[in-house]
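Okay, here's what each chain looks like letter by letter:
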Amino acid sequence: MDDLATLHQRIDDDPALRTLRDELERRWTEDPAGPDPGHDLAHALRVAHWTLLLAPEVDPRWCIAAALLHDAVNVPKDSPERASASSLSADLARALLPTAGFASAATEEVAVAIRDHSYSRGATPTSDLGKALQDADRLEALGALGLCRTFSCGARMGAAYFDPDDPWAQGRDLDDRRYTVDHFFTKLLTLPKTMNTEGGRQEAERRAEFLRSFLQQLAVEIGQPQR
């Protein structure tokens, strides 16, 4: 199984994967919205690492290509077009992969996995590649990395950390557009049960427990016990 250093080297040694990586770096660098640390090359490589781990029976080049391209078109979380992001990324994959030397069957397999991986789209992948890619991407929303990405995203959308009067939504509806902590309850802590693979479920539960510990500590620091 590749560690991240080996994964970097694998991409450097493969002209097709190197081409995809370089094209993505160019696109992200030129994004008028500015850099998004939750959707950058480091994120894509971590997703590649876990996709490889969760789908050992799938061609590793397909796993890496799918992970590199899964967020190639990054639509902001608060955009009404958010649900189309994975379809747009899949379309871009269909355009880029053949020029990088991928056969038509591989291109379509990767594109469909990309299209169906998105939480916003609400699809359940049917292929081993799609299942692993979806799990790998969802793992990034949990644990220490998930904590970083959640508050980074909340800041980009102008959300407060929490409602100071009712941080645990005991007397109001959850609203993760206004309060970042609400997102733990609307989405993050529900992710383990959505995992497709056993390895994904085990890692998701481990990372979710870290988030629960964080919320317990937050409750102590703000002096308001959780519901």
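Structure: see above.
Residues numbered from 1 in each chain as written. Predicted model: local features only at pLDDT ≥ 70, side-chain atom pairs only at ≥ 80, totals over all residues. Heavy atoms only, no water.

> Lay out the pattern of salt bridges in plain terms, naming residues and giving numbers.
Within this structure, the stated rule accounts for 14 salt bridges. Notably, a salt bridge pairs arginine 94 with glutamate 108, separated by 3.0 Å at the nearest N-O pair. Linking arginine 94 in helix α5 (residues 85–99) with glutamate 108 in helix α6 (residues 104–117), this pair joins segments that are 14 residues apart in sequence. Take glutamate 108: its relative accessible area is 36%, and that puts it in the partly exposed class. (Salt bridge = Lys/Arg side-chain N within 4 Å of Asp/Glu carboxyl O. Helix = DSSP H or I, 4+ residues; strand = E, 2+ residues; numbered from the N terminus. Buried < 20%, exposed > 50% of the residue type's maximum accessible area, 1.4 Å probe, protein only.)

> Help me get a handle on the packing of aromatic side chains, residues and values and all.
The tally for this structure, following the rule as stated, stands at five aromatic pairs. With a centroid separation of 5.5 Å and 85 degrees between ring planes, the pair formed by phenylalanine 151 and tyrosine 161 is classed as edge-to-face. Of the two residues, phenylalanine 151 sits in helix α8 (residues 143–156) while tyrosine 161 sits in the loop between α8 and α9 (182–186), which places them 10 residues apart along the sequence. Judged by relative accessible area, phenylalanine 151 falls into the buried class, the value being 18%. Their ring planes at 50 degrees and their centres at 6.2 Å tell us that phenylalanine 151 and phenylalanine 184 sit as a pair that is tilted. Placement of the pair is phenylalanine 151 in helix α8 and phenylalanine 184 in helix α9, with a sequence separation of 33 residues. The two residues phenylalanine 151 and phenylalanine 184 agree in class, both being buried. Here a set of aromatic residues connected by ring pairs shows up, and it is made of Phe151, Tyr161, Phe184 and Phe214. Over the ring of phenylalanine 102 we find arginine 61, and its NZ or CZ is 4.7 Å from the ring centre. (Phe/Tyr/Trp six-rings, centres within 6.5 Å; stacked < 30°, edge-to-face > 60°. Lys NZ or Arg CZ within 6 Å of the ring centre and 35° of its normal.)

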